[in-house]
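# Structural overview
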Amino acid sequence: DAGCDSYRLSIEWARCEPAPGQYDLEALEHSATIVRACRNRGLEPVVALQHFTYPAWLGDDFWLEDSAPERFAAWAEVAVAHLAPHCSRWITINEINANAIGSYLIGYFPPGGRFRRASMTRAVDHMLTAHILAYDVIHRRQPEARVGTSTYSFWSYDADRVLVDVLWARSLGVTRNQLPHWIDMRRRRFHDRVMTEVAGPARWRDDAVHLGLQQFLRIDRALPRTVHAAYTSPHERCLDVTQINYYDPRLSRYPRRPGRRAAGRRHYGPDPKHWEQTPSPQHLATYLAANEESGQEIWILENGLCNPVIDGQVHARPDGWDRPTYVKAHLEAVVDAIDAGVNVTSYYHWALFDNYQWGEYESRFGLYAVKRGDSGCKFLDVDAMGIDSARAYRDLADGLRRGDRSVLT
C-alpha cells in the first residue's frame with residue numbers, strides 16, 4: 001500500500017542460536033516465512049544478518065574476541081542456508097562504524113565504553129573481517145548474490161568511507177605494500193569532493209581527530225586482520241554494492257549543550273536525540289557522487305525523519321520538518337545524483353513503521369505509526385505526527401517510476 005517494491009529486514013541471531021551451537025529451527029523458519037511472504041507480494045527482500053544485536057552468551061565484548069569473525073561466519077552459514085532459496089540481496093553487518101563508535105567511544109551500546117579508542121579500532125577490524133568471511137560464505141552457496149555492509153554516513157573518510165575502500169583496493173590493483181599510500185590518496189580525494197562543500201578544506205582532519213580516528217591514517221596497522229582477509233579471500237573484491245545510511249552526516253553539528261530542553265524534558269547528553277538531527281538533503285547528491293566507484297551500484301538503505309512521542313504525547317520536530325517534505329527533498333537529491341551519472345539503484349526509507357529504536361520507543365520514524373498499549377500493538381494509517389506519509393511516499397514512488405518528475409515540485 002505504501003508503494004514499496006522491496007523490503008529490508010533483519011534476522012535475529014539471538015533468537016536463532018539461543019545457546020552455543022544450538023539452533024532454533026522454528027525461529028529460523030519464522031524468518032524464512034517472512035522472506036517468502038515478501039516474494040509472494042512482489043517485494044524483493046534484503047536481509048541483514050546482524051543489526052547491532054547478537055546472543056548475550058557471546059558477552060558484551062564479543063567483537064573484541066579473536067574468534068569473533070569466524071564465529072559470525074558460522075552464523076552466516078546457517079542463516080544463509082535457510083534463506084538463500086528466497087533471498088539474494090544481503091547486508092552482512094549493519095553500520096560497522098556506528099556499532100564500534102557506539103560501543104567504545106560514545107557509550108550508546110553495550111558495554112557502554114567511552115573513549116576506548118583501541119577497543120573501537122579492534123572492533124572495526126574484527127567486524128570488517130567478519131564481513132569478508134560472510135561474503136565468502138554467501139557466494140559459495142549463491143554466486144549470483146548481491147552482498148554489502150552498510151555504513152552510517154558520518155561525512156568523514158576515517159569514520160565511514162575507509163571501510164569500503166579497504167574492500168575495494170585489491171580489485172583496483174593496489175598491493176598490500178601500496179595500501180597505506182593509496183588510502184591516504186583516497187582520503188584526500190574524498191574530502192576534496194565532500195568536506196570542502198560543507199565546512200572548508202581543513203575541517204575534515206579536525207573531525208577525524210575529534211573522534212579519535214587518526215589511527216586509520218595507517219590502515220595496515222589499524223585493521224591488520226581485515227587487510228589479511230581481503231588479500232587472501234578467493235574474491236578480489238568482497239563487496240558487490242555500496243550500501244549507505246544517510247541522516248545528518250555532519251560531525252561538526254553533533255555536539256549539543258547538556259541540560260538543553262527538548263520535547264518537554266531536559267537532555268544532559270552531549271549528543272543529539274534523533275529528532276534533533278538536522279536534515280541535509282542539499283548535500284546528499286555530492287555525498288553519493290563521492291561514494292561511487294567505477295559505476296558500482298549504490299543502495300541508500302536508510303534515510304528517514306524522527307519525531308518523539310513521550311509518555312503518550314506527540315511532539316512535533318523543533319525544525320518544523322515533516323515526512324512528506326523530507327522524503328521529497330531527499331528523492332530530489334537522488335534524482336540529481338542519477339542525472340550526474342551516479343548509479344543509485346535503490347532507496348529504502350527508514351522506516352515503514354515505528355519500531356524499537358536504540359533502546360527506546362520514543363523515537364518515531366515510521367511512515368505508519370504504531371500505538372502500543374497493554375492490549376498490544378495497533379498499526380495506524382497515519383504517521384506519529386498524524387500525517388498520511390505512506391500515501392505521500394506512494395505518490396512520489398509511482399510518479400518517479402512513470403518518469404514524472406513533477407511529483408518532486
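Please refer to the structure placed before this passage.
An account of the accompanying structure is given in this report.

Analysis parameters
All residue numbers refer to positions counted from 1 along the written sequence of the respective chain. Local features in this predicted model are restricted to residues of pLDDT 70 or higher, and side-chain atom pairs are both shown and tallied only at a pLDDT of 80 or more, whereas totals for entire chains, interfaces and linings draw on every residue. Working from all heavy atoms in the structure, the side-chain values ignore hydrogens and water. Each helix is a run of H or I in the DSSP string that is no shorter than four residues. Each strand is a run of E no shorter than two, and both are numbered from the N terminus. All radius of gyration figures rest on C-alpha atoms, and the globule criterion is 2.2 Å times the number of residues raised to 0.38. Buried residues are those whose accessible area, probed at 1.4 Å on protein chains only, stays under 20% of the maximum for their type, while exposed residues exceed 50% and partly exposed ones sit between those limits. Note on definitions: a residue-residue contact is assigned when non-hydrogen atoms from the two residues lie within 4.5 Å. Here the Shrake-Rupley method, with its probe set to 1.4 Å, supplies the accessible areas, and only the displayed protein chains count as covering residues. His is not counted, nor are the chain ends; Lys and Arg add positive charge and Asp and Glu add negative charge. One atom stands in for each charge, and that atom is NZ of Lys, CZ of Arg, CG of Asp or CD of Glu. Note on pairing: DSSP must find at least two bridges between two strands before they are called paired. Simply put, an axis is a line fit to the C-alpha atoms, just over the touching stretch for a helix, and the angle between two N-to-C directions goes from 0 to 180 degrees. Here the angle decides the label: under 35 degrees means roughly parallel, over 145 means roughly antiparallel, 65 to 115 means roughly perpendicular, and every other value means oblique. Crossing handedness is read from the near helix: turned anticlockwise from the far helix by less than a right angle, it gives a left-handed crossing, and turned clockwise, a right-handed one. Here a Phe, Tyr or Trp ring, Trp counted by its six-membered ring, pairs with any other such ring whose centre lies within 6.5 Å, and the pair is stacked when the planes are under 30 degrees apart, edge-to-face when over 60, and tilted otherwise. By definition here, charges over rings are those cases where NZ of Lys or CZ of Arg is within 6 Å of the ring centre and within 35 degrees of the ring normal. Multiplying one less than the number of residues by 1.5 Å gives the expected span of a helix. Comment: arc refers to directions from the helix axis out to C-beta atoms.

A count of helices and strands for the chain gives 14 helices and 15 strands. Rg of the C-alpha trace for the chain: 21 Å, near the compact-globule value of 22 Å for 409 residues, within the 12% margin. Taken over the C-alpha atoms alone, the chain extends approximately 55 × 55 × 45 Å along its principal axes. Residues classed as buried in the chain amount to 56% of the 409 residues present. The long-range share in the chain, meaning contacts at least 24 apart out of those at least 6 apart in sequence, stands at 73%. For the chain, the accessible area works out to roughly 17,300 Å², and carbon and sulfur atoms hold 50% of it. Across the chain, the mean location of the 49 positive side-chain charges is 3 Å away from that of the 52 negative side-chain charges.

With that out of the way, let us pick up the sheet that holds strand β6 (residues 242–245). Taking strand neighbours across the sheet as the criterion, the 4 strands line up as β5-β6-β9-β12 in an open arrangement whose pairing is parallel. In this open sheet, the two edge strands, each paired with only one partner strand, are β5 (151–152) and β12 (344–347). Direction of pairing for β6 relative to strand β9 (residues 298–302): parallel, over a ladder of 4 bridges. In the strand pairing of β9, Thr-242 is matched with Ile-298.

The subject of this paragraph is the packing of helix α6 (residues 161–168) against helix α7 (residues 179–193). Remark: α6 packs on α7, axes separated minimally by 11 Å, with the N-to-C direction vectors making an angle of 135°. The angle between the axes of α6 and α7 places the two elements in the oblique class. Handedness of the α6/α7 crossing: right-handed. Contacts between α6 and α7 involve Arg-161, Val-162, Asp-165 and Val-166 on the former and, on the latter, Trp-182, Ile-183, Arg-186 and Phe-190.

Attention now moves to the packing of aromatic side chains. Summed over all chains, the structure comprises 21 aromatic pairs. Between Trp-13 and Phe-62, the aromatic rings sit 5.9 Å apart at their centres with planes inclined by 80°, giving edge-to-face as the arrangement. You can see Trp-13 sitting in helix α1 (residues 13–16) and its partner Phe-62 sitting in the loop between β2 (44–50) and α3 (68–83), a full 49 residues away along the chain. By relative accessible area, which is 1% here, Trp-13 ends up buried. Both rings, one in Trp-13 and one in Phe-72, keep their centres 5.8 Å apart while their planes meet at 70°; by these two values the pair is edge-to-face. Of this pair, Trp-13 sits in helix α1 while Phe-72 is found in helix α3, placing the two residues 59 residues apart along the sequence. What makes Phe-72 buried here is its relative accessible area of 0%. Aromatic ring contacts, followed pair by pair, group Trp-13, Tyr-54, Phe-62, Trp-63, Phe-72 and Trp-75 into a single cluster. One cation-aromatic arrangement involves Arg-237 over Trp-168; the distance from NZ or CZ to the ring centre is 4.3 Å.

Below, the discussion takes up α7. Here α7 spans 21 Å end to end across 15 residues, near enough to the 21 Å set by a 1.5 Å rise per residue. When we look at burial in α7, the residues that qualify are Leu-179, Pro-180, Trp-182, Ile-183, Arg-186, Arg-187, Phe-190 and His-191. Buried residues in α7, looked at end-on, bunch into an arc of 160°, giving them a common side. Structural note: α7 exposes His-181 and Asp-192 on the side pointing more than 90 degrees away from its buried face.

Distances and angles like these do not, on their own, reveal function.
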